[in-house]
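Residue-level structure breakdown
This is what each chain is made of:
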Amino acid sequence: MSKEKLIQRYSAPERINHWIVAICFVLLAISGLAFFYPAFFWLTGVFGTPQLARIVHPFVGVVMFAGFVRQFFRYWHHNFITAQDVEWMKSVGTVLKGHEVGDTGKYNGGQKGMFWHMSLCMGLLMLTGIVIWREYFSIHFPIPVIRAALLVHSMSALALIAGIIVHVYAALWVKGTIRAMVEGVVTHAWAKKHHPRWYREVTQGRQQGH
Ligand code: HEM
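Residues numbered from 1 in each chain as written. Predicted model: local features only at pLDDT ≥ 70, side-chain atom pairs only at ≥ 80, totals over all residues. Heavy atoms only, no water.

Moving on: the UniProt feature "transmembrane region" (unreviewed entry) in the chain. If you check UniProt for "transmembrane region" (unreviewed entry), the listed places come out as residues 20–43, 55–73, 114–133 and 145–172 in our numbering. The straight-line gap between the two end C-alpha atoms of residues 55–73 is 29 Å; of that span, 100% is helix and 0% is strand. Structurally, residues 145–172 is divided into 100% helix and 0% strand, and its ends, taken at the C-alpha atoms, are 40 Å apart. (UniProt positions renumbered as here; feature names shortened; annotations may be inferred. Helix = DSSP H or I, 4+ residues; strand = E, 2+ residues; numbered from the N terminus.)

In structure tokens form, the structure reads like this:
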């Protein structure tokens, strides 16, 4: 059997960092939903006991945020939204039917929109998370500010959970994408089909574009 030629998309440190962020996200989403809604209280068991969940949740949040900051500085310059990306977003129905739209670079319009959605949610979660972290910081803020922060924290968490459902669904939907984040590589066919401009840039040895 001939050995298939592959293209590197993510290095090992990038992948390890991504999966640390993803695992933290799952733990935070489960424990956060448990605090948010009584019917989910039993989910506090994810950290052993409800008390432990309450103690550990914010620390895991800091780890997730730190991991995401690394992703942010690694990828932000690939995620500038261009007129072509807006066209992609407008034609998302066509994309979902399996036809690619435009000369897509490293990321398509949907991925770029998701990147900024994640960044906004992460920033809000961290900022408001500090305000509502009773153990260390809440004492420095008036009660109305803590209440507002709690509301924004919950809303950003729900928005991020909704976003990640779409992110994971898209990663599974487009065959060969998960491999990029698991093994770090994609096939030539995958790159040519979904990210033609990036494909040309990588295969012609030029600097990767947006
Ligand atoms: C929980 C399950 C998750 C799965 C299965 C997953 C899967 C993937 C895959 C396959 C890629 C590569 C896409 C490509 O190169 O075309 C990717 C990229 C990425 N993921 Fe995830 N992911 C998950 C969770 C998360 C979480 C929780 C975050 C952060 C909130 C995140 C942030 C990112 C970022 C920033 C990229 C780089 C792409 C970009 O800049 O748009 N992922 N993910």
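This part takes up the coordination of the iron atom of the ligand. Distances from the iron atom of the ligand to its protein donors, His-18 (NE2) and His-167 (NE2), fall at 2.0 Å. Each of the six donor atoms around the iron atom of the ligand contributes to a set of angles spanning 86 to 179°, which defines the coordination as octahedral. In this pair, His-18 sits in helix 1 (residues 12–36) while His-167 sits in helix 6 (residues 143–173), placing the two residues 149 residues apart along the sequence. (Donors = N, O, S within 2.8 Å, 3.2 Å for Na, K, Ca; no water. Tetrahedral: all angles 85-135°; square planar, octahedral: opposite > 155°, others 65-115°.)

For the rest of this paragraph, the subject is the pattern of salt bridges. Taken as a whole, this structure holds six salt bridges when the rule is applied. Close ionic contact of Lys-90 with Glu-87 constitutes a salt bridge, the shortest N to O distance being 3.8 Å. Taken together, the residues Lys-90 and Glu-87, both in helix 3 (residues 83–90) and three residues apart, mark about one turn of the helix. By relative accessible area, which is 43% here, Glu-87 ends up partly exposed. The salt bridge partner of Arg-179 is Glu-183, with a shortest N-O separation of 3.2 Å. Judged by its relative accessible area of 27%, Arg-179 is partly exposed. Relative accessible area serves as the criterion here: at 44%, Glu-183 is assigned to the partly exposed category. (Salt bridge = Lys/Arg side-chain N within 4 Å of Asp/Glu carboxyl O. Buried < 20%, exposed > 50% of the residue type's maximum accessible area, 1.4 Å probe, protein only.)

Further remarks concern the side chain of Ser-138. Structurally, Ser-138 can be placed in the loop between helix 5 (109–131) and helix 6. Ser-138 sits in the buried class, given a relative accessible area of 6%. Within the structure, the side chain of Ser-138 is placed 2.7 Å from the backbone oxygen of Val-131, a separation counted as a polar contact. Ser-138 has contacts with Ile-130, Val-131, Ile-132, Trp-133 and Ile-146, leaving out every residue within four places of it along the chain. (Polar contact = N/O pair within 3.5 Å; in protein donor to acceptor, adjacent residues only side chain to side chain. Contact = heavy atoms within 4.5 Å.)

Estimated volume of the largest pocket: approximately 1300 Å³. Contributing to the lining of the largest pocket are 50 residues, with Gln-111, Val-166, His-167, Ala-170 and Ala-171 lying nearest its centre. Among the elements of the structure, helix 1, helix 2 (50–75), helix 3, helix 4 (92–96), helix 5, helix 6, helix 7 (177–182) and helix 8 (188–194) are those that each provide at least two residues to the lining of the largest pocket. Among the elements that make up the lining of the largest pocket, the one with the highest residue count is helix 6 (nine residues). When grouped by side-chain class, the residues that make up the lining of the largest pocket number 33 nonpolar, 13 polar and four charged. Within this model, the second largest pocket holds a volume of roughly 900 Å³. Lining the second largest pocket are 34 residues, and of these Phe-35, His-57, Pro-58, Ile-132 and His-153 sit closest to its centre. Within the residue set of the lining of the second largest pocket, elements represented by two or more residues are helix 1, helix 2, helix 5 and helix 6. Residue contributions to the lining of the second largest pocket peak at ten residues, all from helix 2. Along the lines of polarity and charge, the residues of the lining of the second largest pocket split into 24 nonpolar, seven polar and three charged. (1 Å grid on protein atoms, 1.4 Å probe; cavity = no way out; pocket = protein on both sides within 12 Å on 5 of 7 lines; lining within 4 Å. Points joined across faces, edges and corners; volume = space filled by probe spheres on them. Nonpolar A, V, L, I, M, F, W, Y, C, P; charged D, E, K, R; others polar.)

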